[in-house]
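# Observations on the three-dimensional arrangement
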Amino acid sequence: MKKISIVVLLLGTALFAGSYTKADRIKDMQTMAEAMATMGTGFFYNNNDIVQNGALALSDAIRRIQPPLEEKEEKDPMARYMNNKVIFSNKIVKNIDKKAKTIIERFAVGDVQASTQAYTKIMKQCMKCHHEIRQW
């Protein structure tokens, strides 16, 4: 009986779970922008707590980022191959998350230069994504 109720619960959750939408992406992008600003403030004030809060918020938001449903379910194989947006965005997500962890680790031990270099590399990844996907 327990197994049946667990299966029913999981199926119900899967059916009613919404897919990642453009509105969700916009909200997460705003969160990421705020996190970047928080880290910048922490660098200027040389405050480890502020930098870590910003880096953790960025890392949390970047892990939620997914391609919208229309990009995932592109029917035309040639368009999917040419756009390659899903693979491209997943790669950027990994790079940003890795650099956010570098910021947390390096700033905590006083290596401000390595932390700000990682911050700059995150900004480059952001601009790369906006240039390629949003055609800025």
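For the chain, the helix and strand inventory stands at seven helices and zero strands. Each helix (α) and strand (β) of the chain, taken in turn from the N terminus, gives the series α-α-α-α-α-α-α. Burial analysis of the chain (136 residues in total) assigns 31% to the buried set. Within the chain, contacts between residues at least 6 apart in sequence are counted, and of these 67% link residues at least 24 apart. Of the roughly 9,500 Å² that the chain leaves accessible, carbon and sulfur atoms contribute 60%.

Glancing now at the environment of Ser59. Note on placement: Ser59 falls in helix α3 (residues 48-64). Classification of Ser59 as buried rests on a relative accessible area of 5%. Taking the C-alpha atoms as reference points, Ser59 and Lys98, 39 residues apart in sequence, are found 8.5 Å from one another. If we skip the residues at most four places from it in the chain, Ser59 touches Asp97 and Ala100. Within the structure, Ser59 has its side chain in polar contact with the side chain of Arg63 (distance 2.8 Å). Looking at Ser59, its side chain comes within polar contact range of the side chain of Asp97, at 2.3 Å.

Enumeration over the complete set of coordinates arrives at two aromatic pairs. Taken together, a centroid distance of 5.4 Å and an interplanar angle of 85° make the contact between Phe43 and Tyr119 edge-to-face. Taken together, the residues Phe43 in helix α2 (residues 22-45) and Tyr119 in helix α7 (residues 112-134) connect sequence positions 76 residues apart. On the accessibility criterion, Tyr119 (18% relative accessible area) is buried. A network of ring pairs unites the aromatic residues Phe43, Phe107 and Tyr119 as a single cluster.

Reading the values: the criteria
Residues numbered from 1 in each chain as written. Predicted model: local features only at pLDDT ≥ 70, side-chain atom pairs only at ≥ 80, totals over all residues. Heavy atoms only, no water. Helix = DSSP H or I, 4+ residues; strand = E, 2+ residues; numbered from the N terminus. Buried < 20%, exposed > 50% of the residue type's maximum accessible area, 1.4 Å probe, protein only. Contact = heavy atoms within 4.5 Å. Areas by Shrake-Rupley, 256 points an atom, 1.4 Å probe, with all protein chains shown as cover. Polar contact = N/O pair within 3.5 Å; in protein donor to acceptor, adjacent residues only side chain to side chain. Phe/Tyr/Trp six-rings, centres within 6.5 Å; stacked < 30°, edge-to-face > 60°.

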